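Understanding the architecture of this molecule
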Amino acid sequence: MNLQHVVKILYCVSVCLVLVYSQPEQWSHFEDWLDGSQVQRESIILDIIPGYRFGIVAARDIQKNEVVVSVPLSITLKTSNLAKNPVFQDLDLQSRISPTNLAGFYIMWERVHQSSPWKPYFDILPTAYDTTIFWSQSELAELQLSRLKDFTMRKKSLIERSFENIFTNWLFIEHEEIFPADLFTFEMWKQALTIVWSRTFSFPDGGALVPLIDMFNADSFDSNYMVRPDLTENSFRYVATRDISKGTHIVAPYGSKTRKPNSNMLMDYGFIFEENPYKVALVHVEIPPDDPNIDMKFDLLDAAKLYTDDYMVIPNTKPKELYTALRIKYLSEDELQNADILKKVVGGRKASNRNEKEVLRNLLVLLRKLLDTETTIEEDERFLEQDIPKRLRYAVSIRLEEKRIIKELLGKVEEKHKKYMD
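Residues numbered from 1 in each chain as written. Predicted model: local features only at pLDDT ≥ 70, side-chain atom pairs only at ≥ 80, totals over all residues. Heavy atoms only, no water.

What to know about the overall build of the chain
Here is the rule we go by: In this description a helix means any DSSP run of H or I spanning at least four residues, a strand means any run of E spanning at least two, and both kinds are numbered starting from the N terminus. Burial status follows relative accessibility: with a 1.4 Å probe on protein chains alone, a residue under 20% of its type maximum counts as buried, one over 50% as exposed, and anything between as partly exposed. A contact between two residues is defined here by any heavy atoms of the two lying within 4.5 Å.
Across its full length, the chain carries 16 helices and 10 strands. In terms of overall dimensions, the chain has C-alpha extents of about 75 × 55 × 45 Å along its principal axes. In the chain, buried positions account for 52% of the 422 residues. A fraction of 72% describes how many contacts in the chain between residues 6 or more apart in sequence connect residues 24 or more apart.

Encoded structure:
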């Protein structure tokens, strides 16, 4: 069964392999565990990769459609297995915890217990991450006005709340003998959820961790992928999509066909691509809570299928959704009563000359504010020419990319606004 269009694959790339290399004994135990579990991996080896530091390399010539690696489903960590554990049968976890938190809970339990059958796998997983939820306030501040900073703070808050609800207010009180607070820590909870977000494969019957296969590196260009996922009755494997020569660094798709900008890569995986072809900036637009027509405008946003307050701006592309959201936001009382105008706006067309002028005027203000940061584009460019810490380099790269996109849009809006004013 080919799940290329079904299986959503998420990866933690080189950060996990750096730790493996620094602990040869753990890696040796992991390899023994893989071999004892009948993992087919004769075609690949772990090696040092420029730009990635480490990765999976072809140990021999591999033919197209040949199985590159195969992992028995019996050693995958599936969230559905948690319900079978007799320790948890009376906890009713599935009705009290979301699927993501349930997966994190399962990982946390297995990492705490030395008798876990997956101990060799967990021993080679990282204990330090560069995803933005692990950044300090000063490091996040370097993102300046990037929406990534706000998303990270929101994500941190959700993690804190979930730990409080699951552990502090429940398990630490009602089941302290099974879940001692000194072992099930908040830091371990963050790490467990990071593993879920960065390494989980989605199978038809739920999410799973797939040892070894989750160690393939990704690439910023879809055309460079060399393998495809394939799920059989008893195994999950990668199959070659082309001939692969011995010594080739094998890269795999890091998710579905949806591409990810560097801001998403950094928040989800803790790294960025220096040459990521998918560049995006987000512009935040919301209806003021004191707007007397807020309910009607929300209905219009729903009708236009705009279910967010953050709108993508892509280089050399008109941000149609952003314009539609702004047109709805600045509709006047009279325009809200005109069915023809509402139909046009929901369909992505301008409402009226008055409305369009208001949209352009406010968009100019908004874009200029987004460029009014502590550093200019030129200063950020010079900054990246220096030898700076990794997280700072990531932050500067993200904010610079977004500033360039915003500046490009600003120029187009200024030109359009000038025409309306003339």
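Having seen it, we continue.
A look at the sheet that holds strand β3 (residues 67-72)
We apply this condition: Strands pair, by our definition, only if DSSP identifies at least two bridges between them. For every element, the axis is a line fit to its C-alpha atoms; helices are fit only across the contacting stretch, and the angle between N-to-C directions ranges from 0 to 180 degrees.
Spatially, the 3 strands line up as an open sheet ordered β3-β8-β7, and their pairing is antiparallel. Whereas interior strands pair on both sides, the edge strands pair on one side only; in this sheet they are β3 and β7 (227-231). Between one strand and the next, the sheet's axes are offset by a mean angle of 15°, whatever the strand orientation. Pairing analysis gives 5 bridges linking β7 to strand β8 (residues 235-240), with the strands arranged antiparallel. Its bridge partner lying in β8, valine 227 is registered against alanine 240.

As for the pattern of salt bridges
This is how it is decided: By definition, a salt bridge exists where a carboxyl oxygen of Asp or Glu is found within 4 Å of a side-chain nitrogen of Lys or Arg.
A complete count under the given rule lists 29 salt bridges for this structure. A salt bridge links glutamate 401 to lysine 279, with the nearest nitrogen and oxygen atoms 3.7 Å apart. Taken together, the residues span a long stretch of sequence, with glutamate 401 in helix α16 (residues 390-421) and lysine 279 in the loop between α9 (262-269) and β9 (281-284) at a distance of 122 residues. You can call glutamate 401 buried: its relative accessible area is 12%. The class of lysine 279 is partly exposed, set by a relative accessible area of 33%.

A short note on unusual backbone geometry
Even without being a glycine, glutamine 144 presents a positive backbone phi close to 55°. If you trace the backbone, glutamine 144 turns up in the loop between α6 (137-141) and α7 (147-174). Unusually for a residue other than glycine, asparagine 316 sits at a positive phi of about 60°. Its location among the elements puts asparagine 316 in the loop between β10 (310-313) and α11 (320-329).

A look at the pairing of β7
Burial of β7 is extensive: 5 of the 5 residues sit out of reach of the surface. Across the two faces of β7 the burial is the same, with Val227, Pro229 and Leu231 and Arg228 and Asp230 all buried. The antiparallel pairing of β7 with β8 creates a hairpin that spans 3 residues between the two strands.

A word on empty space enclosed by the protein
Quick reminder of the rule: As defined here, a cavity is a set of points on a 1 Å grid over the protein atoms alone where a 1.4 Å probe fits but cannot get out. A pocket is an open set with protein on both sides within 12 Å along at least five of seven lines, and residues line them when an atom is within 4 Å of a point. Grid points are joined across faces, edges and corners, and a volume is the space filled by probe spheres set on the points. Only Asp, Glu, Lys and Arg are considered charged in this grouping, and only Ala, Val, Leu, Ile, Met, Phe, Trp, Tyr, Cys and Pro are considered nonpolar; every other residue, Gly among them, is considered polar.
Enumeration according to the criterion identifies 4 cavities of 30 Å³ or more in this entry. For the largest cavity, the calculated volume is near 130 Å³. Around the largest cavity, the lining is made up of 14 residues, and of these Leu145, Ser146, Leu370, Glu402 and Lys403 lie nearest the centre. Contributions of two or more residues to the lining of the largest cavity are made by β9, α14 (353-371) and α16. Ranked by residue count, the leading element in the lining of the largest cavity is α16, at 4 residues. The residue makeup of the lining of the largest cavity, split by class, is 7 nonpolar, 3 polar and 4 charged. Leu77, Thr79, Ala103, Tyr106, Ile107, Val196, Thr200, Gly207, Ala208 and Leu209 are the residues that line the second largest cavity. Of all the secondary-structure elements, those providing two or more residues to the lining of the second largest cavity are α4 (99-112) and β6 (206-209). Taken together, the residues that form the lining of the second largest cavity break down as 7 nonpolar, 3 polar and no charged.

In short, the description is geometric, and any link to function would need to be established separately.
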